[in-house]
Amino acid sequence: MLEVRHLIEPTDFSTQELDDLFSLADHVIQDPKRYGSQCKGKILVTLFYEPSTRTRFSFEAAMMRLGGNILGFSDPDSSSVAKGESIPDTIRIVSGYADIAVMRHPIEGGPKAASLYSRIPVINAGDGGHQHPTQTLTDLYTIRAKKGRLDHLTIGICGDLKHGRTTHSLAMAMSRYPGNRYVLISPEELRMPSYILEELDRSGSATYRQVKTIEEAIGQLDILYMTRVQRERFSDPKEYERVKDACILTVEKMKAAPSDMIVLHPLPRVNEIEPEVDQDPRACYFQQAENGMYVRMALLMTLLDETGDFYKGKIVHVNRPMISVVETEICQNPKCITHYEAALRQRFVTLSNGTRLCDYCGAVLEKSKGEK
Ligand code: NCD
């Protein structure tokens, strides 16, 4: 069987491979007609177990613009999932119908689980509060287009850093480029999870500081990445009410920002960017959303090996260092897919320093008693 390549984690592609992907997206924007039948006869299946507007529509529009077809569901209640079908069974079935799958799932590690049973490429379109790698492709592409580089940048990431999967993926992806500095802006309750901060430490080049207000950071930023507070991920609605208005970008605050700073947002916005900021030429979020479709066109062509004469190389799935199937240990993250899907075996990745991470959700496995 041919090796199937997936996009599950934001770091699954090397930086060189990302460069190729972004150049392909540039070509598509310059000459979209040339790519109009590149995926003719191919079928994209969209498996959306959680709501989406931009991500699903931009994938569907991308496939249509490449001349391919789409099928799928945007509401799991309208599919066999409602009858209790497991992820492994669903993906096994659609592997026979379609050529590539995009999956959004409310539980961390859902798309990873699918990829282990799939005969076609699986793209993670967001898994719970964990990762959202294709949003990151869009973000990186927009930063590269607007700032001319992906290194030596000061990036303010603001909002719900605890639950915001786009912020996790962006932080991880940018830490592979040299000299990037993060200012993580959030109330204390919504700080970036420790497993992401540990990834930044491991990168050896990224530095970060944590602050509570936009005002403390805005004067020094190249990029301000705003996000909404993720109401649906709070178990206590009162907690949401307490923090929901903590960081709001206003025209007044923009006065202190550098003239060449850019404002990004994965969207949807709730109230965290005042609508008047949209008129500011530094507000790039609508352009960013449009870029998402072109980047996804490039991604679909690449994973389907339909890049034509543009790109002769192959993106290979960069496997993490070592997988050990440890059946005696279980992932301690209660939001991990292994607690929801009985058929899944536990899988852990061992890093060079001995740390073990759950291969589905990235949670660090605590050392068991007696282990050093
Ligand atoms: C994001 C997501 O789904 O995580 N939306 C998107 O895909 N553009 C951000 C969000 O929902 O806040």
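Residues numbered from 1 in each chain as written. Predicted model: local features only at pLDDT ≥ 70, side-chain atom pairs only at ≥ 80, totals over all residues. Heavy atoms only, no water.

## Brief notes about the sheet that holds strand S9 (residues 262-264)
Part 1 of the argument: One open sheet accounts for five strands, arranged S7-S6-S5-S8-S9; its pairing is parallel. Strands with a single pairing partner mark the edges of an open sheet, and in this sheet they are strand S7 (207-211) and S9. Taking each pair of neighbouring strands and ignoring which way they run, the sheet shows an average axis angle of 20 degrees.
Part 2 of the argument: Packing of helix H5 (residues 133-147) onto the sheet brings it into contact with strand S8 (223-226) and S9, and relative to S9 it is tilted by some 170 degrees.
Part 3 of the argument: Relative to the sheet, helix H6 (residues 165-174) contacts strand S5 (154-158), strand S6 (181-185) and S8, its axis offset from that of S5 by approximately 165 degrees. (Pairing = 2+ DSSP bridges. Helix = DSSP H or I, 4+ residues; strand = E, 2+ residues; numbered from the N terminus. Axes fitted to C-alpha atoms, helices over the stretch in contact; angles between N-to-C directions. Contact = heavy atoms within 4.5 Å.)

## Looking at the domain arrangement of the chain
Part 1 of the argument: What the domain assignment reports for the chain is domain 1 (10-132 + 289-304), domain 2 (133-281) and domain 3 (320-372).
Part 2 of the argument: The distance between the C-alpha centroids of domain 2 and domain 3 comes to 29 Å.
Part 3 of the argument: Listed as interface residues are four residues of domain 2 and, on the opposing side, four residues of domain 3.
Part 4 of the argument: With both sides pooled, the region where domain 2 packs onto domain 3 buries about 350 Å², and carbon together with sulfur makes up 52% of that total.
Part 5 of the argument: Together, Tyr195, Glu198 and Arg202 form the three largest contributors to the area buried by domain 2 at its contact with domain 3, with a combined 78%.
Part 6 of the argument: Put simply, domain 2 and domain 3 have zero residue pairs in polar contact (both at pLDDT 80 or more) between them.
Part 7 of the argument: In terms of residue class, the side of domain 2 that touches domain 3 is built from one nonpolar, no polar and three charged. (Domains from an automatic or database assignment. Buried area = accessible area lost by both parts, 1.4 Å probe. Polar contact = N/O pair within 3.5 Å; in protein donor to acceptor, adjacent residues only side chain to side chain. Nonpolar A, V, L, I, M, F, W, Y, C, P; charged D, E, K, R; others polar.)

## Some remarks on unusual backbone geometry
Part 1 of the argument: The linkage connecting Leu267 with the following residue, Pro268, adopts the cis geometry, with an omega of 5 degrees.
Part 2 of the argument: Following the sequence through the fold, Pro268 ends up in the loop between S9 and helix H10 (285-303).
Part 3 of the argument: Even without a glycine there, the phi angle at His152 is positive, about 50 degrees.
Part 4 of the argument: Tracing the chain through its elements places His152 in the loop between H5 and S5.
Part 5 of the argument: In this fold, Leu267 is placed in the loop between S9 and H10.

## Some details on the site of the ligand
Part 1 of the argument: What surrounds the ligand is the set Arg54, Thr55, Arg104, His132, Gln135, Arg165, Thr166, Arg228, Gln230, Pro266, Leu267 and Pro268.
Part 2 of the argument: In this structure, an oxygen atom belonging to the ligand sits 3.1 Å away from a side-chain N or O atom of Arg104.
Part 3 of the argument: For the ligand, an oxygen atom lies 2.8 Å from a polar atom in the side chain of Arg165.
Part 4 of the argument: Its free accessible area being 320 Å², the ligand has 94% of it covered by the protein chains.
Part 5 of the argument: Applying the majority rule of atoms within 2 Å of the grid points places the ligand in the largest pocket.
Part 6 of the argument: Elements that contribute at least two residues to the shell around the ligand include exactly helix H2 (54-65) and H6.
Part 7 of the argument: When residues are assigned to domains, the shell around the ligand turns out to be shared by domain 1 (10-132 + 289-304) and domain 2 (133-281), each giving three or more. (Near = heavy atom within 4 Å. Areas by Shrake-Rupley, 256 points an atom, 1.4 Å probe, with all protein chains shown as cover. 1 Å grid on protein atoms, 1.4 Å probe; cavity = no way out; pocket = protein on both sides within 12 Å on 5 of 7 lines; lining within 4 Å. Sits in = over half its atoms within 2 Å of the grid points.)

## Re helix H7 (residues 194-203)
Part 1 of the argument: Regarding H7, the residues found buried are Tyr195, Ile196, Leu197 and Leu200.
Part 2 of the argument: In the core, the buried residues of H7 are packed alongside H6, S6 and S7.
Part 3 of the argument: Gly204, located one to two residues past H7, shows a positive phi value of around 80 degrees. (Buried < 20%, exposed > 50% of the residue type's maximum accessible area, 1.4 Å probe, protein only.)

## Some thoughts on the pairing of strand S2 (residues 69-73)
Part 1 of the argument: With five bridges connecting them, strand S1 (residues 43-48) and S2 associate as parallel partners. The partner of Thr46 across the bridge, within S2, is Gly72.
Part 2 of the argument: Each parallel crossover has a hand, and the one from S1 via H2 to S2 is right-handed. (Right-handed = clockwise from strand over helix to strand, strands pointing away.)

## A word on the pairing of S8
Part 1 of the argument: In S8, alternate side chains face the same way, and those of Ile223 and Tyr225 on one face and Leu224 and Met226 on the other are all buried.
Part 2 of the argument: Two elements, S5 and S8, share four bridges in a ladder whose sense is parallel. Residue pairing in the sheet places Cys158 in a bridge with Met226 of S8.

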